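Understanding the architecture of this molecule
One letter stands for each residue in the lines below.
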Amino acid sequence: MIRWRAEKLVEKLLSVKFVIFVVATVLLCCGVLGCAEWLTIALTVIAGREAQKFIERKKNNEESLGSD
C-alpha cells in the first residue's frame, strides 16, 4: 500500500507540467526570470491542466451518453 502511494507520488512529481513549474520557480529564485515571466509560466501550466480536465470530462460524458 505504501509502495503504491510512493509510486503514484513519483509519477505526479515527474509530470511535465510540474517539472516546468519547479524549474520556473528555481529560475525565479536565482534571478534569471522576473515575476511577470514566472506568472505567465504558472498560469500556462494551470490553464493547461484545467483544459486537460475539461476535455477528459467532456469525453467521459460523451462516452456515457453513447452507451445508454
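Presented here is a report on the structure given in the accompanying data block.

Criteria and cut-off values
Residues numbered from 1 in each chain as written. Predicted model: local features only at pLDDT ≥ 70, side-chain atom pairs only at ≥ 80, totals over all residues. Heavy atoms only, no water. Phe/Tyr/Trp six-rings, centres within 6.5 Å; stacked < 30°, edge-to-face > 60°. Helix = DSSP H or I, 4+ residues; strand = E, 2+ residues; numbered from the N terminus. Buried < 20%, exposed > 50% of the residue type's maximum accessible area, 1.4 Å probe, protein only. Polar contact = N/O pair within 3.5 Å; in protein donor to acceptor, adjacent residues only side chain to side chain.

Overview of the packing of aromatic side chains
- On inspection of all chains with the given rule, the structure shows 1 aromatic pair.
- Judged by centre distance (5.7 Å) and plane angle (50°), the ring pair of phenylalanine 21 and tryptophan 38 falls under tilted. Here the residue phenylalanine 21 occupies a position in helix α2 (residues 16-30), and tryptophan 38 occupies one in helix α3 (residues 35-67), the gap between them amounting to 17 residues.
- A relative accessible area of 22% means that tryptophan 38 is categorised as partly exposed.

A look at the environment of threonine 25
- With respect to the helices, strands and loops of the structure, threonine 25 is situated in helix α2.
- For the pair threonine 25 and glutamate 56, spaced 31 residues apart in sequence, the C-alpha separation works out to 28 Å.
- For threonine 25, the side chain forms a polar contact with the side chain of tryptophan 38, separated by 3.1 Å.

Any link to function would need more than the numbers given here.
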